[in-house]
Amino acid sequence: MNILGISCYYHDAAAALLRDGVLVAAAQEERFSRIKNDPSFPKLAIEFCLKQAGLKAAELDCVVLHEKPLLKLERFLTSALRYWPDATSLFQQGAISWMKQKLWIRSRIMEELGVGRAKLLFVEHHMAHAASAFFCSPFEDAAILTVDGVGEWATATMGTAISSPCGISLTREMRFPDSLGLLYSTFTAFLGFEVNEGEYKVMGMAPYGEPKYLDELHRMARLHEDGSLELDPRYFSFQYSANRSFSDAFRDVFGDPRDPALEFVTGRADTGDGPEELKRRNQHYADIAATVQRFTEDALLRMAVFLRRTSGATNLCLAGGVALNSVANAHLLRDSGFQRLFIQPAAGDAGGALGAAQYAWHVLLGNKRSFVMEHAYWGRSYENGDLASALKDTNAEHLASEDMLTQRAVQDLLDGRVIGWFQGRFEWGPRALGNRSILADPRRGEMKKIVNHKIKFREPFRPFAPVVPEACVNSLFEAGPDLSQQYPARFMLVVLPWKDEVGDKVPAVNHLGTGRLQAVRPEWNPRYYSVLEAFGQATGIPVLMNTSFNVRGEPIVASPQDALRTFRNSGLDALYMGEYRLEK
Ligand SMILES: [Fe+2]
């Protein structure tokens, strides 16, 4: 039986295809359309999924959407009425998008795919998040926590899930406008970053500051023992405005929002030097970032501790956009009382496409489980012939053996070259995990600056991630409980402190004492692992610097043409595509 899951029309549209409950393909529309966070109907991602499965649309047995549009419309209309007339512009903008697009999703799917009404299903947004975590996890049973900006009405849910028979029961929910995700996004906007995209930058900025404003924030957002929130509406405007998420009262507390063009120079040497006034202003913003980050960690931890106590479960599945907060995830692993944590790599709204399909297969149709997501390589791959023809007018060399390829890549890294690494199927979720990555030598402190400035053209404070063999996690990081076998580290979803004696040796991936690691096993990605292992043998440091293969503002590369364009337009020194190597 073939089930297609779809998520679209908010941000990160995606498609995922299951055959008899086993994932065949999953991808975000942005990788094909080249529009970052593309929310539109995922026509290209669906085409890819069908092709990967060798299917025509008419052969689909079921198509499932990751939310219930009419419930979402109800929230939109209720909010517009509640906040009228402040909500006039939100209503006008929203009404256009509902009338033009969102209301007609059913007929759009039927038209695009030629499937009948009886094959269409709709799953509630947070249920799709929950299913995407539990049905990809290795757990027989688990507690479930979903936290995001907002779905239909819910902004966070708690519950439990079991495998035989498959069932998910979400028993508590927090509702719009009380939302941890929207609170974080409000601060993201205030700090001059794009909402639904710049949240990582707030997390990256936070360690430069101190959480000095927690009292002020707790007055704006009442945090209960179970982690639920009550936002004081006087400070927020996302309830009624499409363009502004904080009110004048918010500005009275935190001052003027940060100008996005403001260079982020603080008193710390690694952010560069600048006038004292600039440093002082940035320190203020870093303190605000640290405040909202700490608040988020506290809220999530309270939710998880409450859930651990009330459910009795020892496994936790976490989903929703807030589950991508890898600093908070480390606290959950250490302090929530759960023994094991699973987060699906596309924990945000893209993942809803997968969860919707899995919910239909396991819960609505009552089928047993037969799939665990061990890796994130579910996107499109390209044949050797595709690579060769993309490279035909270049001086690319063919590396005849795996050994030669590994040795050459390691030599490039040792020589201080920054390499583009394009292999196999691209990753599912926002992280590059060794198939569409940029790799460099982490022992060279200057790499952070080089890659941020000359290659990715992004803010100098943005951290880079280390990739390490899974077997080395405990010897490199202060992991506390044994984190080496935990799934979040496979998907780069947890930030851990470096051991003192290691951190100084890898300055390019040491972000104020911590690293957002990717742990790799040879069976998940043999070629990538070989380079990592050989680099470790040559240097005594089994660590590489890994960042996503893209430049600022663009999605991660998908095709060989994307990779070549990025290679030519950036300061990358060499490009490895399949068995080929190209040098500038
Ligand atoms: Fe969501």
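Here the structure is a predicted model, which means the values were calculated and not measured.

Basis of the calculations
Residues numbered from 1 in each chain as written. Predicted model: local features only at pLDDT ≥ 70, side-chain atom pairs only at ≥ 80, totals over all residues. Heavy atoms only, no water. Donors = N, O, S within 2.8 Å, 3.2 Å for Na, K, Ca; no water. Tetrahedral: all angles 85-135°; square planar, octahedral: opposite > 155°, others 65-115°. Helix = DSSP H or I, 4+ residues; strand = E, 2+ residues; numbered from the N terminus. Buried < 20%, exposed > 50% of the residue type's maximum accessible area, 1.4 Å probe, protein only. Phe/Tyr/Trp six-rings, centres within 6.5 Å; stacked < 30°, edge-to-face > 60°. Lys NZ or Arg CZ within 6 Å of the ring centre and 35° of its normal. Pairing = 2+ DSSP bridges. Axes fitted to C-alpha atoms, helices over the stretch in contact; angles between N-to-C directions. Contact = heavy atoms within 4.5 Å.

A. Main features of the coordination of the iron ion. Only His-125 (NE2), His-129 (NE2), Asp-148 (OD) and Asp-349 (OD) from the protein reach the iron ion as donors, at distances of 2.1 to 2.3 Å. Taken together, the 4 donor atoms surrounding the iron ion define angles of 91 to 166° at the centre, an arrangement classified as irregular. Mapping the donors of the iron ion onto the primary sequence yields the spacing H-x3-H-x18-D-x200-D. Residue His-125 and its partner His-129 are both found in helix H6 (residues 125–134); the two are separated by 4 residues, about one turn of the helix. Across the pair, exposure class does not vary: His-125 and His-129 are buried alike.

B. Layout of the packing of aromatic side chains. Scanning the model with the defined rule gives 24 aromatic pairs in all. Ring geometry for Phe-190 versus Phe-250: centroids 5.3 Å apart, planes at 65°, classification edge-to-face. In this pair, Phe-190 sits in helix H7 (residues 180–190) while Phe-250 sits in helix H10 (residues 248–254), placing the two residues 60 residues apart along the sequence. Each member of the pair Phe-190 and Phe-250 is classed as buried. Between Tyr-208 and Phe-264, the aromatic rings sit 5.6 Å apart at their centres with planes inclined by 75°, giving edge-to-face as the arrangement. Highlighted residues: Tyr-208 in the loop between helix H8 (199–205) and helix H9 (214–220) and Phe-264 in the loop between H10 and helix H11 (276–311), separated in sequence by 56 residues. Taken as a pair, Tyr-208 and Phe-264 share a single burial class, namely buried. Among the aromatic residues, those joined into a ring-pair cluster are Phe-176, Phe-187, Phe-190, Tyr-213, Phe-236, Phe-238, Phe-246, Phe-250, Phe-254 and Tyr-285. One Lys or Arg, Lys-72, reaches over the ring of Tyr-10 and ends 5.0 Å from the middle of that ring. Its guanidinium or amino end placed over the ring of Phe-422, Arg-436 lies 3.8 Å from that ring's centre, counting from NZ or CZ.

C. How the structure looks around the sheet that holds strand S6 (residues 141–147). One open sheet holds the 5 strands; their spatial order is S8-S7-S6-S11-S12, and the pairing between them is mixed. Every interior strand has two partners, whereas the edge strands, strand S8 (166–175) and strand S12 (340–343), have only one. Averaged over all adjacent pairs, the angle separating strand axes in this sheet is 20°, with direction ignored. Inspection of the sheet shows strand S11 (residues 315–319) paired to S12 by 4 bridges, in the parallel sense. Following the sheet pairing, Asn-315 is matched in S12 by Arg-340. Taken strand by strand, H6 contacts S6, strand S7 (154–163), S8, S11 and S12, and its axis lies near 135° from that of S6.

As far as function goes, none of this settles anything; it's purely spatial.
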